[in-house]
Each structure stands twice: as structure tokens, then as C-alpha cells.
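Commentary on secondary and tertiary structure
Next come the chains, spelled out residue by residue.
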Amino acid sequence: MNRADHVGEQPDRGREVLQAVLLELDADHGWVSVDRDDRMAYVGLQRSLFALDRATGRERWHRDDLGGCSCLVLRGVPYVFRGTGVDRIDGATGKDVWKWAVPEGEANGGWPWSGEGEQALFFPTLINADVQRIHALDPATGRELWVRDGRFTDIWANPRGKEVWLVQALPFGHEVVALSQATGEELLR
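Residues numbered from 1 in each chain as written. Predicted model: local features only at pLDDT ≥ 70, side-chain atom pairs only at ≥ 80, totals over all residues. Heavy atoms only, no water.

1. Some words on the sheet that holds strand β6 (residues 77-82)
The antiparallel open sheet is built from four strands, whose spatial order is β5-β6-β7-β8. Among the strands making up the open sheet, the edge pair consists of β5 (70-74) and β8 (96-101). Geometrically, the sheet is characterised by an average inter-axis angle of 20 degrees between neighbouring strands, direction not taken into account. (Pairing = 2+ DSSP bridges. Helix = DSSP H or I, 4+ residues; strand = E, 2+ residues; numbered from the N terminus. Axes fitted to C-alpha atoms, helices over the stretch in contact; angles between N-to-C directions.)

Spelled out as C-alpha cells, the structure:
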């Protein structure tokens, strides 16, 4: 069945298919991530990122150097979260706005994406088998705002607030810590 067979068809759930675009998946990994803004849909494959016009389904641009763990659109801005860092992309052109690399001596923290708030974007790394480091990045510049070390099992950034909530594993259980997104200052434990 070709792509044209799907356009305008009424699926069983009663929803109309507006566009159908066929993309070749990575044979080794099969990984795919999709997110969107008002004008574009972004499809992340293991080794590529595609930007598709939401109105027509046509490819606006693609890059073969942006493979990664996750492609997400945060507050209308596309990011690619790689094992080696984060790339902020200009959604209209596909050009780099900034890149942030995992610091030397640290490794990917295992979470492909950890959260975004009004004031910071968060990326975890591993210091060693027992300690993670949360990096808070300025979304506009990619500059590191602060770091926090611990044994974290979860993170939640209040997108409309000023705090980030970290769940930390302790020998006797778990603890929740609230930090300022902008400064990393502890607000609540």
C-alpha cells in the first residue's frame, strides 16, 4: 500500500488521517521519536532528524548528523538529546543554535530526557556507578547554570513554576528535594 492510499482514509477510530509519511527505520536500532510545534513535526531516527511541514507532510529539512536518544520540542524549540550531550536546533532552518557536551570524566546518565522548566533544561550524567549529576542548562544559550550530585531516580521540572523536584534514593528509602530552577538553591527537603 502506498502513502496516497492513507491520506483522507477514515480509520476504525473515526479519525481522519491528514498526512501519512513513510520513513525508513534504522535496521540496527529501530528507534524513532516524534514531536511537533505549531508548524512542523520533527521525526528523530537513530542517525537523522527530519522536519516535516504539518500542513502538507512535505519535508522542510533533514540532518543526518543529529541522531540521538530523543528529539523533543520544548516551548516551541526542537532539541536533540544525545548520549554525548544536547543540541538546540532552529526549527525553521535546521541549523544549530547551540550544543552542550557531557563534560569529560562523566558519562550519559541513562535518561534520554529529564525535564524542562521555564528557566532551565535538565540533563543527567553519571559520575560513577553510584552518583549522578544533574546539569541545569540555560535554554537560550546552553550555558550551564548549576549542577547537583546525588542518586536520583526521577526528576520533574514545574514548567509553569520556578522549582525542579528531584527524587533521591537513600539507604532508608527515597527523599524529595525541591530546588530553584535558576540557581539550584535548595527550597524544600
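2. Here we look at the sheet that holds strand β17 (residues 186-188)
Across the sheet, which stays open at both edges, the four strands sit in the order β14-β15-β16-β17 with antiparallel pairing between neighbours. This sheet does not close on itself; its edge strands, each paired only once, are β14 (152-157) and β17. For this sheet, the mean angle separating the axes of adjacent strands, direction not counted, is 30 degrees. Two strands pair when backbone bridges link them, and strand β15 (residues 163-170) and strand β16 (residues 173-180) are joined in this way by eight bridges, in the antiparallel orientation. When the bridges of β16 are listed, Gln168 appears paired with Glu175.

3. Thoughts on the side chain of Gln181
Assignment of secondary structure puts Gln181 in the loop between β16 and β17. Judged by relative accessible area, which is 0%, Gln181 ranks as buried. Only 2.9 Å separates the side chain of Gln181 from the backbone oxygen of Glu163, close enough to count as a polar contact. (Buried < 20%, exposed > 50% of the residue type's maximum accessible area, 1.4 Å probe, protein only. Polar contact = N/O pair within 3.5 Å; in protein donor to acceptor, adjacent residues only side chain to side chain.)

4. Focus: the confidence of the model for the protein
Per-residue confidence for the protein gives a mean pLDDT of 78; residues scoring 70 or more make up 75%. Least confident of the elements in the protein is strand β10 (residues 115-116), whose mean pLDDT is 63; most confident is β8, at 94. Low confidence marks residues 1-11, where pLDDT is under 50. Its contacts with residues over four positions away, or in another chain, come to 18 contacts. (pLDDT = per-residue confidence, 0-100. Contact = heavy atoms within 4.5 Å.)

5. A short note on the environment of Val34
Within the secondary structure, Val34 is located in strand β1 (residues 32-36). Measuring from C-alpha to C-alpha, the distance between Val34 and Cys71 comes to 6.8 Å, with 37 residues separating the pair along the chain. For Val34, the contacting residues outside a window of four places in its chain are Tyr42 and Val43.

6. Here we look at the pattern of salt bridges
Evaluation of the coordinates by the stated rule reveals 10 salt bridges. A salt bridge links Arg63 to Asp65; its shortest N-O distance comes to 2.8 Å. Here Lys99 and Asp96 are joined by a salt bridge, their closest N and O atoms 3.9 Å apart. One salt-bridge network, held together by shared partners, links Arg63, Asp65, Asp87, Asp96 and Lys99. (Salt bridge = Lys/Arg side-chain N within 4 Å of Asp/Glu carboxyl O.)

7. Here we look at the packing of aromatic side chains
Within this structure, the stated rule accounts for four aromatic pairs. With centroids separated by 5.4 Å and ring planes inclined at 65 degrees, the aromatic side chains of Trp100 and Phe123 adopt a geometry described as edge-to-face. Residue Trp100 is found in strand β8, and its partner Phe123 is found in strand β11 (residues 121-126); the two are separated by 23 residues along the sequence. Residue Trp100 is classed as buried on the basis of its relative accessible area of 9%. Using a relative accessible area of 1% as the deciding quantity, one classes Phe123 as buried. Ring geometry for Phe122 and Trp146: centres 5.9 Å apart, planes at 55 degrees, overall tilted. One end of the pair, Phe122, is in strand β11; the other, Trp146, is in strand β13 (residues 144-150), and 24 residues separate them in sequence. As far as burial versus exposure is concerned, Phe122 and Trp146 are alike and both buried. (Phe/Tyr/Trp six-rings, centres within 6.5 Å; stacked < 30°, edge-to-face > 60°.)

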